[in-house]
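# Fold and contact review
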Amino acid sequence: MLKVDPEHGPLVPMLLVLTVVTGVVDAVSYLALGHVFVANMTGNVVFLGFALAGAPGLSATASLAALAAFLLGALAGGHLSRHLPGHRGRLLTVAIAVQAVFVAVSVLLAAAVGHSSESARYTVIGLLALAMGGQNAVARSLKVPDLPTTVLTMTLTALAADLTGSRRLASAVWMFAGALLGAVLVLHASVPVALALAFALLVAVAALTHHAARPNPAPAWTRRR
């Protein structure tokens with residue numbers, strides 16, 4: 001069971017919710033946008049190699065578009081982290097609010113025009129990858145151990161090698177839950193519904209983090225590490 005961590009306060013559960021968002025949006029992108037990831041860039045690099053080798057069902061262009069948008073989002077997230085020093089609560093609130101806007105636009109686009117056309121598909125891929133790149137950069141800046149929110153390889157390695165780490169296990173379980181839920185919604189409901197869930201989770205994280213960080217003087221967990 002996860003214990004309350006006074007050093008990081010609500011950042012731990014908030015980052016776990018963002019890990020669920022990762023699973024949801026990657027389920028959408030892989031299942032509905034042409035076998036591409038918007039959060040898992042390791043998968044995109046591998047898919048790019050497969051696609052260039054001529055593997056069917058994969059698009060080098062889609063993988064490159066997702067990689068480029070993710071890097072741009074990470075660049076923006078890093079810039080935001082450097083310009084909001086000293087208050088982790090404010091940083092996470094602002095970053096997730098911006099991310100929610102990108103996801104909201106993708107929901108509206110998918111609902112209004114669908115995602116089957118090339119232009120719509122690449123636009124949704126770009127919006128989601130931008131959002132996830134920013135999330136990844138900000139999560140890295142928050143320096144909460146064992147909660148990267150978008151990648152699990154090293155987390156699972158550390159979990160197996162050290163045989164410890166409730167956060168590592170929780171991170172894997174919550175991403176699995178997000179992927180499962182996202183896949184169920186894509187396959188049995190619709191892409192806009194799955195993306196709307198991701199949007200709702202982001203709004204909840206931004207609102208709850210803002211509320212938790214409001215006391216003056218600022219709580220100890222908001223100080224940058």
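Up top you'll find the structure we're talking about.
Presented here is a report on the structure given in the accompanying data block. (Residues numbered from 1 in each chain as written. Predicted model: local features only at pLDDT ≥ 70, side-chain atom pairs only at ≥ 80, totals over all residues. Heavy atoms only, no water.)

### Some thoughts on the overall build of the chain
Each helix and strand in the chain was counted, giving eight helices and zero strands. Along the chain, helices (α) and strands (β) appear in the sequence α-α-α-α-α-α-α-α when read from the amino end. The C-alpha radius of gyration computed for the chain amounts to 17 Å, which stays within 12% of the reference 17 Å derived for 225 residues, consistent with globular compactness. Projecting the C-alpha coordinates of the chain onto the three principal axes gives extents of approximately 55 × 40 × 35 Å. Taken over 225 residues, the chain has a buried fraction of 48%. Within the chain, contacts between residues separated by at least 24 positions form 70% of all contacts whose residues are at least 6 apart in sequence. Total accessible area on the chain stands at roughly 10,600 Å², and carbon and sulfur atoms take up 71% of it. (Helix = DSSP H or I, 4+ residues; strand = E, 2+ residues; numbered from the N terminus. Rg over C-alpha atoms; globule rule 2.2 N^0.38 Å. Buried < 20%, exposed > 50% of the residue type's maximum accessible area, 1.4 Å probe, protein only. Contact = heavy atoms within 4.5 Å. Areas by Shrake-Rupley, 256 points an atom, 1.4 Å probe, with all protein chains shown as cover.)

### A closer look at the packing of aromatic side chains
Tallied over the full model, the rule gives three aromatic pairs. An angle of 20° between the planes, with centres 5.5 Å apart, marks the rings of Y30 and F37 as stacked. For Y30, a relative accessible area of 29% puts it in the partly exposed group. Assessed through its relative accessible area of 17%, F37 is described here as buried. A centroid spacing of 6.0 Å and a plane angle of 35° characterise the contact between Y30 and F47, whose relative ring orientation is tilted. Highlighted residues: Y30 in helix 1 (residues 11–32) and F47 in helix 2 (residues 41–52), separated in sequence by 17 residues. Residue classification places F47 among the buried positions, given a relative accessible area of 13%. Three or more aromatic residues link up through ring pairs in this structure, and these residues are Y30, F37 and F47. Here the guanidinium or amino end of R121 rests over the ring plane of Y122, the centre of that ring lying 4.8 Å away. (Phe/Tyr/Trp six-rings, centres within 6.5 Å; stacked < 30°, edge-to-face > 60°. Lys NZ or Arg CZ within 6 Å of the ring centre and 35° of its normal.)

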